[in-house]
Amino acid sequence: MGKWSDEPCTQSLPFICYKPILPNAEGFRASEQNGTSITLEWKKIGNITSFVLQFNGIEINISAQHGDGQLNHTVSSLTAGTKYTFTLFSVFDSVRSSGVSIIAATAPENAEAFQSSAQDETSITLQWNKVNNNTSFLLQFNGTKTFISSPDGDGPVTHTVSSLIARTRYTFTLFSVFESIRSSGVRIPAVTAPENAEGFRASKQDETSITLQWNKVNNNISFVLQFNGTETKISAPDGDGPVNHTVSSLTARTRYTFTLFYVFENVRSSGVSIAALT
């Protein structure tokens, strides 16, 4: 049971009795947490089977089975991204131990509005809403981890991932981090832009039409052709040869500027332009 206190347990009796000194629970720690709950864990000692848990001005009585072993208790209905102080007392015959205290935090909320805001052939810029000044972030992709501090101000957070491969799909997972505790994480796919078309040229023309030609990349790439304020969407043809597209209803002896974009998963290349004459 432990030692005995030198202080009398009562002054009203004609005899003196002494209160036992109870051992505190060992290994008291937070073993798991999410945005609304913290699971606490500790080790029983001897035959002590009752405990009192204090936090936020409330007390919770916890009973346990006889014998040694590990105990768990989950405190729920908490606030995300918040630090709590928990004090645990061993109790025997209405006598409490001195108590042991720990500080534990709930996981923060996930970042909102996580999206790709810009991309080119070798980089993707990601953007999300800031949580607060105490919450940082962890970005995971392709087996790498990047820690990102919370910036000053109230605007969105932006982060550019570089050294990527053109026309490639990536999956990014973003965690909010508070007191080394991660949120559950939010995930998005994002793609880099494709390369520009190669071999883009006018291969043939007459008085009212111009035939354009360029190299095909693969079947996952489509095209957008711009000229005279119009856009024409062109699918990738079967086969491995060059792509041909004829623009008709043109005016004789006129100079036109054509801009061609490769398109991969709705993301365009930077575009390449040529001038051609009817």
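This report concerns the structure included in the present document. Please read all numbers here as calculations on a predicted model, not as lab measurements.

Calculation rules
- Numbering of residues starts from 1 in each chain and follows the order in which that chain's sequence is written.
- At least 70 in pLDDT is required for a residue's local features to be given in this predicted model, at least 80 for side-chain atom pairs to be given and counted, and no such filter applies to totals for whole chains, interfaces and linings, which use all residues.
- By convention in this description, side-chain values take in all heavy atoms of the structure and omit both hydrogens and water.
- By definition, two strands form a pair when at least two bridges between them are found by DSSP.
- We count a stretch as a helix when DSSP gives it H or I for four or more residues in a row; a strand needs E for two or more, and each element gets its number in order from the N terminus.
- Throughout, an axis means a line fitted to C-alpha atoms (over the contacting stretch in the case of helices), and angles, computed between N-to-C directions, take values from 0 to 180 degrees.
- What counts as a ring pair is set by centres within 6.5 Å for rings of Phe, Tyr and Trp (its six-membered ring), and what kind of pair is set by the plane angle: stacked under 30 degrees, edge-to-face over 60, tilted for all other angles.
- Working definition: with a 1.4 Å probe on protein chains only, accessible area under 20% of the residue-type maximum means buried, over 50% means exposed, and in between means partly exposed.
- Lysine and arginine charges are scored as sitting over a ring when NZ or CZ, respectively, is within 6 Å of the ring centre and within 35 degrees of the ring normal.

**Details of the sheet that holds strand β7 (residues 70-75)**
Then, number 1: Sheet architecture is open: three strands sit in the order β3-β4-β7, paired in antiparallel fashion. The open sheet terminates on both sides in strands that have one partner only, identified here as β3 (26-33) and β7. With strand direction ignored, the average angle separating the axes of adjacent strands in the sheet is 20 degrees.
Then, number 2: As judged from the six bridges shared by strand β4 (residues 38-43) and β7, these two strands associate in the antiparallel manner. When the sheet's bridge partners are listed, Glu 41 is paired in β7 with Asn 72.

**Remarks on the sheet that holds strand β12 (residues 124-128)**
Then, number 1: Overall, antiparallel pairing links the three strands, which are arranged β11-β12-β15 in an open sheet. Both outer strands of the open sheet, β11 (115-119) and β15 (157-161), are each paired with one neighbouring strand and no more. Looking at each pair of strands side by side, their axes are set apart by 25 degrees on average, direction ignored.

**What to know about the packing of aromatic side chains**
Then, number 1: Evaluation of the coordinates by the stated rule reveals 16 aromatic pairs.
Then, number 2: Seen from their ring centres, Phe 227 and Tyr 256 are 6.3 Å apart, and the 80 degrees between their planes marks the pair as edge-to-face. Separated by 29 residues along the polypeptide, Phe 227 in strand β21 (residues 222-227) and Tyr 256 in strand β24 (residues 255-264) bring together distant segments of the chain.
Then, number 3: Using a relative accessible area of 6% as the deciding quantity, one classes Tyr 256 as buried.
Then, number 4: Ring geometry for Phe 227 and Phe 258: centres 5.1 Å apart, planes at 45 degrees, overall tilted. Of this pair, Phe 227 sits in strand β21 while Phe 258 is found in strand β24, placing the two residues 31 residues apart along the sequence. Across the pair, Phe 258 and Phe 227 agree in class, each one buried.
Then, number 5: Pairwise contacts between aromatic rings join Phe 200, Trp 214, Phe 223 and Tyr 262 into one cluster.
Then, number 6: Its end group placed over the ring of Phe 89, Arg 96 keeps NZ or CZ at 5.4 Å from the ring centre.

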